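Results of the structural survey
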Amino acid sequence: MEPVEAARAVVSDRHPEARAAFLGGSVLTERRTAFSDLDIVVLLGEDAVPYRESFRYADWPVELFVHTEASWRGYVEREVTRRRSPLLFMCASGFLLFDHDGVGQRLGAYAKELVVAGPPAASAAELEDRRYSLTDLLDDLAGCTEAGERLCIVCEIAQRTGELVLLLDGGWLGGGKWLARRLEASRLGFVERLDAGVRVALAGDTRTLVSLVDEVMAPAGGRLWEGHRQNGVLPPRPTQDRAGTARN
């Protein structure tokens, strides 16, 4: 069974009352592999309860994301503030399986607008926090003598460096393979350079990776450790009721 046919059958079996549905992810692209799953977004009426479920259907692994229009907008709004929204991209670049009342066209168009507009810009404070974290990791790497510790430090450096690149470039964040794909789209050749730096760093020569991290941080102000300060948030003060008893 082909992906679109299988996806439509899934929705028909699970939610015949659905208003619209999208098929997203890699399964309809040249990046499809034998392990690609069916990422399906289903839109139901407003009295439905949103949920996410993973299962198999006709030999296909399926990730089902079920929403009302209101819950879809709520999830997307929260994810956009974090600059990482798989749900948004599944509808912006996914295939509209069917649309009974126009909600699919409406949300698909809105998703495309949000993707093109890009994520919120990183604040100066956030960039400082990112620089501080990377500086601390580089210091840990410089003093590392254990292979296991080096593995964890290098992997953390690679992920945080990639995320900083995307923040500086105004790009969407991603996890796992999607971090690599976002980086490929943002800076040609950067993933290959990062991969080369990580490989030699794991073998004990950290110079290439450290140089690349410093290159990435330079436009934001370079390394930052001494003098970095992050203010905490005070808990809300308890209020007093009329009897003078403290309550939250």
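Residues numbered from 1 in each chain as written. Predicted model: local features only at pLDDT ≥ 70, side-chain atom pairs only at ≥ 80, totals over all residues. Heavy atoms only, no water.

This paragraph deals with a negative patch on the surface. Together, D136, D139, D140, E146 and E149 make up a negatively charged patch on the protein surface. Broken down by element, the residue count for the negative patch peaks at three residues, all from helix α5 (residues 124-142). Here D140 shows up in helix α5. Exposure remark for D140: the relative accessible area of 38% places this residue in the partly exposed category. (Patch = residues over 30% accessible without salt bridge, like charges linked within 9 Å, V, L, I, M, F, W, Y side chains within 5 Å. Areas by Shrake-Rupley, 256 points an atom, 1.4 Å probe, with all protein chains shown as cover. Salt bridge = Lys/Arg side-chain N within 4 Å of Asp/Glu carboxyl O. Lys, Arg positive; Asp, Glu negative; His and termini not counted. Charge placed at Lys NZ, Arg CZ, Asp CG, Glu CD. Helix = DSSP H or I, 4+ residues; strand = E, 2+ residues; numbered from the N terminus. Buried < 20%, exposed > 50% of the residue type's maximum accessible area, 1.4 Å probe, protein only.)

Confidence in the prediction of the protein, expressed as mean pLDDT, is 93, and 96% of residues score 70 or more. When mean pLDDT is compared element by element in the protein, helix α9 (residues 207-217) scores highest at 98, while strand β7 (residues 246-247) scores lowest at 56. (pLDDT = per-residue confidence, 0-100.)

This paragraph deals with α9. Burial in α9 covers these residues: L209, V210, L212, V213, V216 and M217. With its buried residues spanning 160° around the axis, α9 presents them on a single face. Of the surrounding elements, those touching the buried residues of α9 are α5, α6 (147-169) and α8 (190-202). (Arc of directions from axis to C-beta. Contact = heavy atoms within 4.5 Å.)

Sheet architecture is open: five strands sit in the order β3-β4-β2-β1-β5, paired in mixed fashion. Both edges of this open sheet fall to β3 (51-57) and β5 (95-99), since each of them pairs with a single strand only. Within the sheet, the average angular offset between the axes of one strand and its neighbour, ignoring direction, is 20°. When strand β1 (residues 20-24) meets strand β2 (residues 38-44), the two strands line up antiparallel, connected through five bridges. (Pairing = 2+ DSSP bridges. Axes fitted to C-alpha atoms, helices over the stretch in contact; angles between N-to-C directions.)

Phi angles above zero are rare outside glycine, and A58 is one such case at about 50°. Looking at the secondary structure, you find A58 in the loop between β3 and β4 (60-68). Even without a glycine there, the phi angle at R83 is positive, about 65°. Residue placement: R83 occurs in the loop between α2 (69-81) and α3 (86-92).

A full pass over the atoms with the stated rule returns two aromatic pairs. Ring geometry for F89 versus W172: centroids 5.7 Å apart, planes at 85°, classification edge-to-face. In this pair, F89 is assigned in helix α3 and W172 in the loop between α6 and α7 (177-186), connecting sequence segments 83 residues apart. Each member of the pair F89 and W172 is classed as buried. The ring centre of Y110 lies 5.0 Å from the NZ or CZ of R73, which sits over that ring. Over the face of the ring belonging to F89 we find R182, whose NZ or CZ atom lies 4.1 Å from the ring centre. (Phe/Tyr/Trp six-rings, centres within 6.5 Å; stacked < 30°, edge-to-face > 60°. Lys NZ or Arg CZ within 6 Å of the ring centre and 35° of its normal.)

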